[in-house]
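# Summary of the model geometry
In case you want the letters, here they are:
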Amino acid sequence: MIDILVAGGGPAGLVAAIRAAAAGREAVVVEPRTAPVDKACGEGIMPGGVAALRALGVMVPGSALRGIRYIDGARRAEASFRGAPGLGVRRTALHEALYRRALELGVRIVAGRVGEVRQGLDSVGAAGLTARWLIAADGLHSPVRRTLGLDRPASAPHRYGLRRHYRVAPWTDFVEVHWSRRCEAYVTPVGERLVGVAVLSGERRSHAEHLSAFPALADALRYAEEGPVRGAGPLRQSARSPRAGRVLLVGDAAGYVDALTGEGIALAAATASAAVDCLTAGRPEAYPAHWRRLTRRHRLLTQGLLSAARHPFAARLIVPAAHRLPAVFEAAVHALR
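This section reports on the structure supplied with the text. (Residues numbered from 1 in each chain as written. Predicted model: local features only at pLDDT ≥ 70, side-chain atom pairs only at ≥ 80, totals over all residues. Heavy atoms only, no water.)

Time to look at the packing of aromatic side chains. This structure, assessed with the given rule, holds two aromatic pairs. Aromatic pair Y70 and W179: ring centres 5.3 Å apart, planes at 65°, arrangement edge-to-face. Of this pair, Y70 sits in strand 5 (residues 67–72) while W179 sits in strand 14 (residues 174–179), and the two are 109 residues apart along the sequence. Note on Y70: relative accessible area 9%, which makes it buried. For W179, a relative accessible area of 3% corresponds to the buried category. (Phe/Tyr/Trp six-rings, centres within 6.5 Å; stacked < 30°, edge-to-face > 60°. Helix = DSSP H or I, 4+ residues; strand = E, 2+ residues; numbered from the N terminus. Buried < 20%, exposed > 50% of the residue type's maximum accessible area, 1.4 Å probe, protein only.)

Dropping the structure here:
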């Protein structure tokens, strides 16, 4: 019998499989897509996420990120990360590095979809396989979460993300967050001559229409488009619990607030590692409490920023407040994983 079956071969699922294999457990990943898999994301990994990847033996090429900079017209505020830098990494490069590491450790990756999940007293069956435990790492709109009846309606309004690359030399080693009344644009260096620009908004507009809210940024990127626009959303997702019997939910599948703080990879690694650690310790019942502890600060910080960004008047105050209260802004940046 397989020790741990993993639904989803994205970063969270591959981290879970790597962690399980490193602990001497047999791990099998079920994933319908061919590696490397691209996805709409900001592609900035916070320092804690970089450290977590290195601890797993995953070395990823990318651009060092020194900190976070908020910009609203002529107003700006910035804070450097404390200690080690973050990393701007193409999503495909990250996925390829995780995939290679999983194969090195003997993880079996099966092409397919999980489909129906059947649970017994001491096993769980899915995708024609039987395992002692199933870790659901199948993303924002997790089919496993839905199949198990764990979906909980998320509060409105909905937010959506779009990302596109631009073939220009990065002009900074900070992640720049450009604010407007209706959206934010996140600019991340991901190569010597490549930046990724993700826009987040509650309005359904094209990437180019969103960029028009930032004239200076749009001018710097004009005629430099590279590759397609990728989208994701609605971003806010909620689960009734991160565990149901012999199934543990990790990463985005366990619930998601927003991409405002760029902590997706760090949280995916932290929750996937915690799930495997609980299983290998024979204490699956401890995972929900671990999940709440690991995600609490992120949920509170992101919800606070999201509430401010949702209201035009409050949104206009975010950057001026960060500029006038640099110690508070630095504390918030230092709190990022």
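Turning to the sheet that holds strand 7 (residues 86–88), a few remarks are in order. Pairing in this open sheet of three strands is antiparallel, and the strands run 3-7-4 from one edge to the other. Unpaired on one side and paired on the other, strand 3 (44–45) and strand 4 (63–65) mark the two borders of the sheet. Alignment of strand 3 against strand 7, held across two bridges, turns out to be antiparallel. From the neighbouring strand, I45 faces strand 7, where its bridge partner is L87. (Pairing = 2+ DSSP bridges.)

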